[in-house]
Amino acid sequence: MLKHYICLIYIIINIVEEFSIKFCGEIMELFNILKEKIKEKEVVTPKEMAIIDDNAEFLGIPKILLMENAGKVVYEEIKDIEAEEYVIFCGTGNNGGDGFVVARHLGKGEVVLIGKEGEIKTYEARENFKILKNLAEFGNIKIREIRIAEEVEDIFERLKDKKAVVVDAMIGTGVKGELREPFKTIVNKINELKKINKDLFVVSVDVETGNLESDLTITFYKRKTINKENAIVKEIGIPKEAEYVVGWGDLKALRKRDSRSHKGQNGKVLIIGGSRDFFGAPILAGLAASKIADLVGILSVDDVVDKLNNPEFIMYRVEGDYLSSKHVDYALDVAKKYDVVVLGNGFGVNDETKAFVNEFLLKYDKKAVIDADAIKVIDYNNFKFSENYVFTPHRKEFEYMNIDLNNIEEIKSTIVLKGKYDIIFNANNVKINKTGNAGLTKGGTGDVLAGLIGALFAVNDAFISACCGAFINGYAGDLLLKEKGYCFTPLDLIEKIPNVLKIFE
Ligand SMILES: NC(=O)C1=CN([C@@H]2O[C@H](COP(=O)(O)OP(=O)(O)OC[C@H]3O[C@@H](n4cnc5c(N)ncnc54)[C@H](O)[C@@H]3O)[C@@H](O)[C@H]2O)[C@@H](O)CC1
Ligand SMILES: [K+]
């Protein structure tokens with residue numbers, strides 16, 4: 001008997017898998033349509049490039065390989081330049097790492113590390129510095145570690161009247177704020193040198209450091225917003241998928257929790273949800289949000305408020321069985337105290353909730369995550385898809401939204417279409433998230449996702465919050481699948497959120 005029972009379960013799981021593979025086929029079709037409709041970015045910000053770099057690694061491409069390729073393509077560009085001297089200025093980040101690789105391929109010249117070896121930030125840069133030190137003992141590569149610009153006065157003297165190549169591997173996409181010393185003085189010195197020595201050729205790696213007047217910049221994969229006109233783009237082995245797949249690079253780009261912050265600075269989330277029929281949904285969303293946000297409020301009807309005596313939440317009660325028009329003003333007033341509202345979990349679908357959602361959104365002008373029943377009751381005719389909204393539909397809700405993919409530029413809101421793969425898109429971006437498994441189709445996991453995205457959205461922008469929410473939710477589900485098989489609950493999922501954040505912090 002048991003045997004038959006087990007094989008029956010096996011057959012059912014196969015059917016689900018079969019269906020989901022078929023459905024996933026349609027997901028990939030939709031994904032490809034979106035990739036066509038949403039113009040690919042020609043130019044990326046340094047922050048976007050850092051996410052692409054990290055997600056290339058998430059897809060299995062080691063950074064040290066990319067660094068090797070980067071150094072090689074820069075070397076290829078300068079190897080035929082006639083020069084008596086080569087000076088490679090290197091920072092302590094991966095831009096400097098590229099410089100070490102350039103020096104190795106050149107096989108000659110002076111490497112000036114601006115900082116101490118112990119301050120080199122990453123494994124891949126450290127490894128390349130070690131190789132240089134091994135070579136420096138025997139070959140004609142010289143290495144110098146400096147703290148202040150005066151230590152390279154002799155080099156600037158020498159370069160006054162020499163045919164020379166200067167490589168700027170000081171700072172790349174990791175630049176933050178105004179250029180600090182000693183980089184500032186070094187950049188000014190090189191710019192002055194260029195004025196008196198016409199035989200000085202300055203090459204910047206990836207990005208010009210500060211206002212360095214490089215003769216040539218070789219930038220990797222895509223032009224950066226901060227590149228100068230004369231930058232040329234070179235491939236270094238980063239696949240396009242690194243720009244389309246959600247990975248740990250997105251998580252690394254989230255606003256970091258500020259340890260010195262006081263209550264509320266790390267996000268305040270108001271869950272507006274629940275009804276006489278469903279009281280669990282807003283609680284799941286609230287519990288998920290409270291794993292990340294400082295302050296979580298729940299605005300709901302009597303039944304939910306009476307059932308909930310959880311000290312973690314600030315409760316706001318409205319009379320009645322469902323949210324309705326008469327509650328809109330009060331909800332708008334409470335929402336003023338929060339960064340983001342999560343709307344719809346457990347609302348129920350009826351005229352009352354329909355009236356509440358449409359009237360509330362008409363007057364509410366801040367951030368909102370719109371989930372579940374709220375998605376189902378919005379009147380989408382001439383609906384303004386504000387950039388302040390993140391929608392989290394599953395397939396049927398997505399169909400109900402009836403998004404016109406031919407007018408994708410109108411869709412300023414971010415949409416998370418949940419499925420075997422989640423597709424996250426808006427007018428300017430599209431990404432696909434592969435974390436997660438069939439265990440996540442249970443009721444309640446959508447409420448967890450909505451609360452999670454709400455907490456991230458409180459202090460980050462919509463698209464990265466949606467991508468990271470989908471990734472974290474799915475990854476938590478994957479950890480649970482390993483531990484418990486498919487039988488994990490939404491509460492298990494919520495408890496796993498901190499573990500996922502810890503893995504990728
Ligand atoms: N991440 C990757 O996968 C790859 C990165 N590559 C290179 O790595 C670079 C990015 O490396 P990182 O993210 O490590 O950062 P960077 O090496 O661009 O810069 C970070 C370093 O510069 C310092 N710095 C930042 N802003 C400064 C300022 N305003 N004044 C003074 N110092 C400042 C930082 O303290 C840090 O030491 C890219 O531009 C590219 O050249 C390449 O190796 C290709 C692969
Ligand atoms: K540079």
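Residues numbered from 1 in each chain as written. Chains lettered and ligands numbered in written order. Predicted model: local features only at pLDDT ≥ 70, side-chain atom pairs only at ≥ 80, totals over all residues. Heavy atoms only, no water.

Examining the sheet that holds strand E7 (residues 216-220)
Sheets are built from strands that pair by backbone hydrogen bonding, the pairs being arranged parallel or antiparallel. Pairing is parallel in the open sheet, where seven strands are placed in the order E4-E3-E2-E5-E6-E7-E9. Strands with a single pairing partner mark the edges of an open sheet, and in this sheet they are strand E4 (140-146) and strand E9 (231-234). On average, each strand axis in the sheet is tilted by 20° relative to the strand beside it, whichever way the strands run. The pairing of strand E2 (residues 85-90) with strand E5 (residues 164-169) spans six bridges and is classified as parallel. If you follow valine 87 over to E5, its bridge partner there is valine 166. Against the sheet, helix H4 (residues 94-106) touches E2, strand E3 (108-114), E4, E5, strand E6 (200-205) and E7, its axis set at about 155° to E2. Seen against the sheet, helix H7 (residues 183-196) touches E2, E3, E4, E5 and E6 and runs at an angle of roughly 145° to E6. (Pairing = 2+ DSSP bridges. Helix = DSSP H or I, 4+ residues; strand = E, 2+ residues; numbered from the N terminus. Axes fitted to C-alpha atoms, helices over the stretch in contact; angles between N-to-C directions. Contact = heavy atoms within 4.5 Å.)

Section: H4
Here H4 spans 18 Å end to end across 13 residues, near enough to the 18 Å set by a 1.5 Å rise per residue. Burial within H4 is extensive, with ten of its 13 residues counted as buried. Turning to H4, its buried residues are Asn95, Gly96, Gly97, Asp98, Gly99, Phe100, Val101, Val102, Ala103 and Leu106. (Expected span 1.5 Å × (residues − 1). Buried < 20%, exposed > 50% of the residue type's maximum accessible area, 1.4 Å probe, protein only.)

Considering the UniProt feature "binding site: AMP" (unreviewed entry) in the chain
In the numbering adopted here, UniProt assigns the feature "binding site: AMP" (unreviewed entry) to Gly446. Within the element layout of this structure, glycine 446 appears in helix H16 (residues 445-457). Those residues within four positions of glycine 446 in sequence are excluded, and the remaining contacts are Asp371 and Lys418. (UniProt positions renumbered as here; feature names shortened; annotations may be inferred.)

Focus on a nonpolar patch on the surface
Taken together, the side chains of Ile64, Leu65 and Tyr123 present a nonpolar region at the surface, about 270 Å² in accessible area. Checked against the element boundaries, tyrosine 123 lands in helix H5 (residues 123-136). (Patch = residues over 30% accessible without salt bridge, like charges linked within 9 Å, V, L, I, M, F, W, Y side chains within 5 Å. Areas by Shrake-Rupley, 256 points an atom, 1.4 Å probe, with all protein chains shown as cover. Salt bridge = Lys/Arg side-chain N within 4 Å of Asp/Glu carboxyl O.)

Overview of unusual backbone geometry
For the bond running from glutamate 181 to proline 182, omega is -5°, close enough to zero to count as cis. Relative to the assigned elements, proline 182 resides in the loop between E5 and H7. Positioned with a positive phi, alanine 372 is a non-glycine residue whose angle comes to about 50°. Judged by its relative accessible area of 15%, alanine 372 is buried.

Here's the deal with the site of ligand 1
Among the 24 residues in the neighbourhood of ligand 1, the closest are listed as Thr92, Asp98, Gly172, Lys176 and Asp206. Residue asparagine 94 places a main-chain N or O atom 2.9 Å away from an oxygen atom belonging to ligand 1. Taking threonine 173, its main chain carries an N or O atom lying 2.9 Å from an oxygen atom of ligand 1. Among the detected pockets, ligand 1 sits in the largest pocket. Secondary-structure elements contributing two or more residues to the shell around ligand 1 are helix H3 (63-78) and H4. (Near = heavy atom within 4 Å. Polar contact = N/O pair within 3.5 Å; in protein donor to acceptor, adjacent residues only side chain to side chain. 1 Å grid on protein atoms, 1.4 Å probe; cavity = no way out; pocket = protein on both sides within 12 Å on 5 of 7 lines; lining within 4 Å. Sits in = over half its atoms within 2 Å of the grid points.)

Description of the domain arrangement of the chain
Looking at the chain, the domain boundaries give domain 1 (53-244) and domain 2 (262-504). Each of domain 1 and domain 2 has a C-alpha centre, and the two are 45 Å apart. Taken together, the four residues of domain 1 in the interface contact five residues of domain 2. Buried surface at the junction of domain 1 and domain 2, summed over both partners, amounts to about 410 Å²; 62% is from carbon and sulfur atoms. Among the residues domain 1 hides against domain 2, the three largest losses belong to Phe58, Glu243 and Tyr244. Together they make up 85% of the total. For the interface between domain 1 and domain 2, the tally reads zero salt bridges. For the interface between domain 1 and domain 2, the tally reads one residue pair in polar contact (both at pLDDT 80 or more). Among the secondary structure elements, those contributing two or more residues to the side of domain 1 that touches domain 2 are helix H2 (46-58) and helix H8 (241-244). (Domains from an automatic or database assignment. Buried area = accessible area lost by both parts, 1.4 Å probe.)

Focus on the UniProt feature "domain: YjeF N-terminal" (unreviewed entry) in the chain
Per the UniProt entry, the sites bearing "domain: YjeF N-terminal" (unreviewed entry) are residues 49-244 in this numbering. When the span residues 49-244 is considered, its composition is 39% helix and 22% strand, and the gap between its end C-alpha atoms is 12 Å.

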